[in-house]
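# Structure at a glance
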Amino acid sequence: MLNKFSKSEQILIFTGLILVLIVLVIIEGWFVAYLWNWLMPIIFGLTTITPWQGVGIFVLCNMLFKSTGYNSSKRS
């Protein structure tokens, strides 16, 4: 698919995709921090977090709970 683009265009596309991914992770981290600061102090008495800590929680949850695609029910 990328063969129709020159090498410099491929690098530009790859760089753009990486930047978009970084921005999306930061936005999702800010969303996690907003939800945390809205709910957790009231419900559980926990302290508030910064948006960067929200990014960390988002990344950690993705690593811990994201499916690896392995389905144990398909064993024979």
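Residues numbered from 1 in each chain as written. Predicted model: local features only at pLDDT ≥ 70, side-chain atom pairs only at ≥ 80, totals over all residues. Heavy atoms only, no water.

## Some remarks on a nonpolar patch on the surface
Our working rule: Distance thresholds for patches are 9 Å for like charges and 5 Å for nonpolar side chains (Val, Leu, Ile, Met, Phe, Trp, Tyr), applied to residues having over 30% relative accessible area and no salt bridge. Using a 1.4 Å probe, accessible areas were evaluated by the Shrake-Rupley method; residue-level cover was limited to the displayed protein chains. What makes a salt bridge here is a side-chain nitrogen of Lys or Arg within 4 Å of a carboxyl oxygen of Asp or Glu, nothing more. Working definition: helices are DSSP H or I runs of at least four residues, strands are E runs of at least two. Numbering for both runs from the N terminus.
Residues Y34, W38, L39, I42, I43, F44 and L46 make up a contiguous nonpolar surface patch of roughly 820 Å² in combined accessible area. Note on placement: F44 falls in helix α1 (residues 7-44).

## A few points about helix α2 (residues 51-65)
Rules: Under the convention used throughout, the expected extent of a helix is 1.5 Å for every residue step, that is, one less than its residue count. Note on classification: 1.4 Å probe, protein chains only; a residue is buried when its accessible area is under 20% of the maximum for its type, exposed when over 50%, partly exposed between these limits. Comment: arc refers to directions from the helix axis out to C-beta atoms. Contact between two residues is taken to exist if any of their heavy atoms lie within 4.5 Å; hydrogens are not considered.
For α2, spanning 15 residues, the distance from its first C-alpha to its last is 21 Å, which sits close to the expected 21 Å at 1.5 Å a residue. All buried positions along α2 are accounted for by G54, V55 and F58. Relative to the axis of α2, the buried residues are bounded by an arc of 105° and lie together on one face. The exposed set on the far side of α2, more than 90 degrees from its buried face, consists of W52, M63 and L64. Elements that come into contact with the buried residues of α2 comprise α1.

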